[in-house]
Amino acid sequence: MVYIYDNIHGFIEFTSLEKKFLDNKWVKRLKRIKQLGLLDHVWPCASHSRFEHSLGVSYLAEKYINYLKSNSKNYKINDSDKLNIKLAGLFHDLGHGPFSHLFDNIVLKKCCNINNKNIIHEIRSRNIVEYIFNDINLPSNYSSAYMIDSIKEMIEPVSINSKSVKYNIVNNTINSIDVDKFDYLLRDPKHIGLDYSFNYNRIFLKSKIINDEIVYDDSISNDILDLYLTRYKFHKEIYNHKTAKIIETMLADSLIIYNNFESFDSLINSEEFINLDDSIYSKILLSKNKDLLKCKNIIKRIENRNLYKQIWSGKLDDFDLNDFSDYRESDLRIINMKFDLCNKNKFPLEKVKFYDKKNENIKFISNNNLNKLYPNKYEENYLLVCSSKLN
């Protein structure tokens, strides 16, 4: 047994078997990837790693399934599935590349074949689960095809009935109420130093399982709405801060050029992906290779705070490319930022099932039935336009 201290959840317990997974090279790679990408260029304390977050998600995944079992009548889950859920939490972010989302959302979309399924980090995480089980010498009952496939489906369901409870603890594809969000909505503000945190405890206490689905006491509808609003606020005001987005765009430009020397399309399809982490920034910055001078110069601009210049921002509907005729099109960078409440342009509780604690009847709550003020617009789309031209 080993206990690891986490500054969010306190001591987290791992058995000797679980420690084998924890000490695997693929999990340790997450120490070399920042949870918030380049956000530490705006908030210097935002330098925590994906490894910390994965420990937290693993802890919450185990805790939540134990609460659900305790809160529910006649729900049984075996120790093997409980272990799978905990490992899915530990493994869910294994597929992230350098600086997390910018690698998928910008770099790979420009550099890779559109039909390459591995441009999605959840799919890469599924692949890496296979690599880990091949690496670790485990008893046969802990390395079955069922166990491996279950963990993969818990990370990103692609072939099963995703309504089943165990597939909605780490990554809830039905209504987005999952332990991944619970952890980062606690962890990220703690490191940044902002009071934006969300308390998950009422959701744990007032969730149960009926007909193999997670349902929620109708008394916590406001807590769930607060989850969606907190996430929205964080995405709009923190994760998509304009300076951070400009720096992300600059690094993406550098990596797109770097792709000519080391093909990302090949790397994401192989175990060589393990070598891709945030150190690529320093590798380019400190390189003496003259062929990398162009991508190096972009990173030097980031270091010297000679950033791309913002020339416009506003709603997508107000954007007109003709307004920027004074700029060369090759100098323009258009950054699309979309924000929602976890259900695109629909009411966020539309897919959340509640139960009446008196009789356990299942029901839904509409916007008209809320007992609090809440917006009736659920999605926003903004653009930020900047110029890469040197000042």
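Here goes a summary of the coordinates provided. As the structure is a computational prediction, the values presented were derived from the model and not from experiment.

## Let's talk about the pairing of strand β1 (residues 2-6)
When β1 meets strand β2 (residues 10-14), the two strands line up antiparallel, connected through five bridges. In the sheet register, Asp 6 faces β2, and the bridge partner there is Gly 10. Between β1 and β2, which follow one another and run antiparallel, lie three residues.

## Things to note about the packing of aromatic side chains
With the rule as written, the count across this model stands at 23 aromatic pairs. Arranged with centres 5.3 Å apart and planes meeting at 80 degrees, the rings of Phe 103 and Phe 264 form a pair that is edge-to-face. Taken together, the residues span a long stretch of sequence, with Phe 103 in helix α5 (residues 101-111) and Phe 264 in helix α12 (residues 264-267) at a distance of 161 residues. On the basis of relative accessibility, which here comes to 0%, the residue Phe 103 falls in the buried class. In this structure an aromatic cluster arises from ring pairing among Tyr 64, Tyr 67, Phe 182, Phe 198, Tyr 200 and Phe 204.

## Topic: a positive patch on the surface
Together, Lys 338, Lys 344, Lys 346 and Lys 351 give the surface a local cluster of positive charge. Looking at where Lys 346 falls in the secondary structure, it is placed in the loop between β6 (332-340) and β7 (354-355).

## Remarks on the side chain of Asn 118
The residue Asn 118 is located in the loop between α5 and α6 (121-135) in this model. One polar contact links Asn 118 to Asn 269, side chain to side chain, over a distance of 2.6 Å.

## Re the sheet that holds β7
Taken in spatial order, the four strands make up an open sheet running β3-β4-β7-β8, and their pairing is mixed. Looking at strand neighbours, the two that pair on one side only are β3 (207-210) and β8 (362-363), the edges of this open sheet. Bridge analysis of strand β4 (residues 213-217) against β7 gives two bridges, and the strand direction is parallel. Of the residues in β7, the one forming a bridge with Tyr 216 is Phe 354.

## Here we look at the packing of helix α3 (residues 50-71) against helix α8 (residues 179-192)
Closest axis-to-axis distance for the α3/α8 pair is 9 Å, and the angle between their directions is 135 degrees. One element, α3, and the other, α8, form an angle in the oblique class. Taken as a pair, α3 and α8 cross one another with a handedness that is right-handed. Contacts between α3 and α8 involve Glu 52, His 53, Gly 56, Val 57, Leu 60, Ala 61 and Tyr 64 from the former and Val 179, Asp 180, Phe 182, Asp 183, Tyr 184, Arg 187 and His 191 from the latter. Broken down by class, the residue content of the contact of α3 with α8 amounts to seven nonpolar, three polar and four charged.

## Describing the sheet that holds strand β5 (residues 309-315)
Strand order in the open sheet made by the three strands is β5-β9-β6, with antiparallel pairing throughout. Because the sheet does not close on itself, it has two edges, and the strands there are β5 and β6. Pairs of neighbouring strands in the sheet enclose a mean axial angle of 20 degrees, with direction left out of account. Note: β6 against strand β9 (residues 379-387), nine bridges, orientation antiparallel. When the sheet's bridge partners are listed, Lys 338 is paired in β9 with Asn 381. Across the face of the sheet, helix α11 (residues 242-258) comes into contact with β5, β6 and β9 while running at roughly 125 degrees to β6.

## Looking at helix α7 (residues 145-155)
Counting buried positions over the eleven residues of α7 gives eight, a clear majority of the element. Listing the buried residues of α7 in full gives Met 147, Ile 148, Ser 150, Ile 151, Lys 152, Glu 153, Met 154 and Ile 155. Buried residues in α7 make contact with α4 (79-91) and α6.

## A look at the side chain of Asp 223
Structurally, the position occupied by Asp 223 is in helix α10 (residues 221-239). With residues near it in sequence (within four places) discarded, Asp 223 still touches Phe 198 and Arg 202.

## Side note on the pattern of salt bridges
A side chain with one charge may pair with a side chain of the opposite charge, provided their charged atoms come close. Taken as a whole and judged by the stated rule, the model has 25 salt bridges. When the shortest N-O distance is used, the salt bridge between Arg 333 and Asp 253 registers 2.7 Å. Placement of Arg 333 in strand β6 and of Asp 253 in helix α11 is noted, with a sequence separation of 80 residues between them. Residue Asp 253 is classed as buried on the basis of its relative accessible area of 14%. Among the ionic pairs, Arg 328 bridges to Asp 331, the shortest N-O distance being 3.1 Å. Given the relative accessible area of 9%, Asp 331 is considered buried.

Definitions and cut-offs
Residues numbered from 1 in each chain as written. Predicted model: local features only at pLDDT ≥ 70, side-chain atom pairs only at ≥ 80, totals over all residues. Heavy atoms only, no water. Pairing = 2+ DSSP bridges. Helix = DSSP H or I, 4+ residues; strand = E, 2+ residues; numbered from the N terminus. Phe/Tyr/Trp six-rings, centres within 6.5 Å; stacked < 30°, edge-to-face > 60°. Buried < 20%, exposed > 50% of the residue type's maximum accessible area, 1.4 Å probe, protein only. Patch = residues over 30% accessible without salt bridge, like charges linked within 9 Å, V, L, I, M, F, W, Y side chains within 5 Å. Areas by Shrake-Rupley, 256 points an atom, 1.4 Å probe, with all protein chains shown as cover. Salt bridge = Lys/Arg side-chain N within 4 Å of Asp/Glu carboxyl O. Lys, Arg positive; Asp, Glu negative; His and termini not counted. Charge placed at Lys NZ, Arg CZ, Asp CG, Glu CD. Polar contact = N/O pair within 3.5 Å; in protein donor to acceptor, adjacent residues only side chain to side chain. Axes fitted to C-alpha atoms, helices over the stretch in contact; angles between N-to-C directions. Parallel < 35°, antiparallel > 145°, perpendicular 65-115°, else oblique. Left-handed = near helix turned anticlockwise from the far one by under 90°. Contact = heavy atoms within 4.5 Å. Nonpolar A, V, L, I, M, F, W, Y, C, P; charged D, E, K, R; others polar.

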